[in-house]
Amino acid sequence: WVESILRPPPLLFRMLRITFTITMIVHLCACSWWLTKELSSGSSTYMALDLDLAAPLWKKYVLAVYFINTIFTTVGFGDISAENPAE
């Protein structure tokens, strides 16, 4: 119904829809990945090295989004890696 009210050019509307979809997919993957990290039983994870446990939630979210974007957009990375089997 947004198309009928605003009447944006079709290309712009498609680009916005794709951007929103990609953003939501990255958000869901980052949150799922963080949940996996929190539920994993391993005590030695790379998170213990980069971020203390009392860090603000937004820092944890930024790290999770960075990790997911790195996985989606590159072949490999050298600065972070999974340390326990659940990750």
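Presented here is a report on the structure given in the accompanying data block. The numbering scheme is per chain: residues are counted from 1 as the chain's sequence reads. The predicted nature of this model means local features are confined to residues of pLDDT at least 70 and side-chain atom pairs, given and counted, to a pLDDT of 80 or more, with totals for whole chains, interfaces and linings taken over all residues. Side-chain measures here rest on the full set of heavy atoms in the structure, leaving out hydrogens and waters.

Considerations on a nonpolar patch on the surface
On the surface, Ile 25, Ile 71 and Phe 72 cluster together into a nonpolar patch covering about 270 Å² of accessible area. Secondary structure elements are taken from DSSP: a helix is a run of H or I of four residues or more, a strand is a run of E of two residues or more, and numbering for both begins at the N terminus. Note that Ile 71 resides in helix α4 (residues 57–73). Nonpolar side chains (Val, Leu, Ile, Met, Phe, Trp, Tyr) are joined into patches within 5 Å and like charges within 9 Å, using only residues with over 30% relative accessible area and no salt bridge. All accessible-area figures derive from a Shrake-Rupley calculation using a 1.4 Å probe, and residue coverage is judged against the displayed protein chains alone. What counts as a salt bridge is simple: a side-chain nitrogen of Lys or Arg found within 4 Å of a carboxyl oxygen of Asp or Glu.

Structural notes on α4
Note that an α-helix has 3.6 residues per turn; residues three or four places apart therefore point the same way. If you check α4, its first and last C-alpha atoms are 24 Å apart, about what 17 residues at 1.5 Å a residue would give, namely 24 Å. Of all the positions in α4, only Lys 60, Leu 63, Ala 64, Val 65, Phe 67, Ile 68 and Thr 70 are classed as buried. To estimate the expected span of a helix, count its residues, drop one, and scale the result by 1.5 Å. Relative accessibility under 20% of the residue-type maximum defines a buried residue, over 50% an exposed one, and the middle range a partly exposed one, all with a 1.4 Å probe and only protein chains included.

A few points about the environment of Leu 63
Structurally, Leu 63 is set in helix α4. For Leu 63, a relative accessible area of 15% gives the class buried. Taking the C-alpha atoms as reference points, Leu 63 and Ala 30, separated by 33 residues in sequence, lie 8.8 Å from one another.

Here we look at the nonpolar core
Of all hydrophobic cores here, the largest spans eight residues; its members are Val 26, Ala 30, Trp 33, Trp 34, Ala 64, Val 65, Phe 67 and Ile 68. Two residues qualify as a contact provided that any one of their heavy atoms is within 4.5 Å of a heavy atom in the partner residue. Contact partners of Ala 64, with chain neighbours within four places excluded, come to Ala 30, Trp 33 and Trp 34. Residues grouped as a nonpolar core are buried Ala, Val, Leu, Ile, Met, Phe, Trp, Tyr and Cys residues, joined through side-chain atoms within 4.5 Å.

A closer look at the packing of aromatic side chains
Aromatic ring pairs are reported here in terms of the distance separating the ring centres and the angle at which the planes meet. When the centres of two rings from Phe, Tyr and Trp lie within 6.5 Å, Trp using its six-membered ring, the rings pair. Their planes under 30 degrees apart give stacked, over 60 give edge-to-face, and anything left gives tilted. With the rule as written, the count across this model stands at two aromatic pairs. Measuring from ring centre to ring centre gives 6.2 Å for Trp 33 and Trp 34, while their planes differ by 65 degrees; the resulting arrangement is edge-to-face. The burial state of Trp 33 is the same as that of Trp 34; both residues are buried. Between the aromatic rings of Trp 33 and Phe 67, the centroid separation amounts to 4.2 Å while the plane-to-plane angle is 20 degrees, which identifies the pairing as stacked. Pair noted here: Trp 33 is in helix α2 (residues 10–39) and Phe 67 is in helix α4, with a separation of 34 residues, a long-range link. For Trp 33, a relative accessible area of 9% translates into the label buried. For Phe 67, a relative accessible area of 5% gives the class buried. Here the aromatic cluster, defined as three or more aromatic residues joined through ring pairs, consists of Trp 33, Trp 34 and Phe 67.

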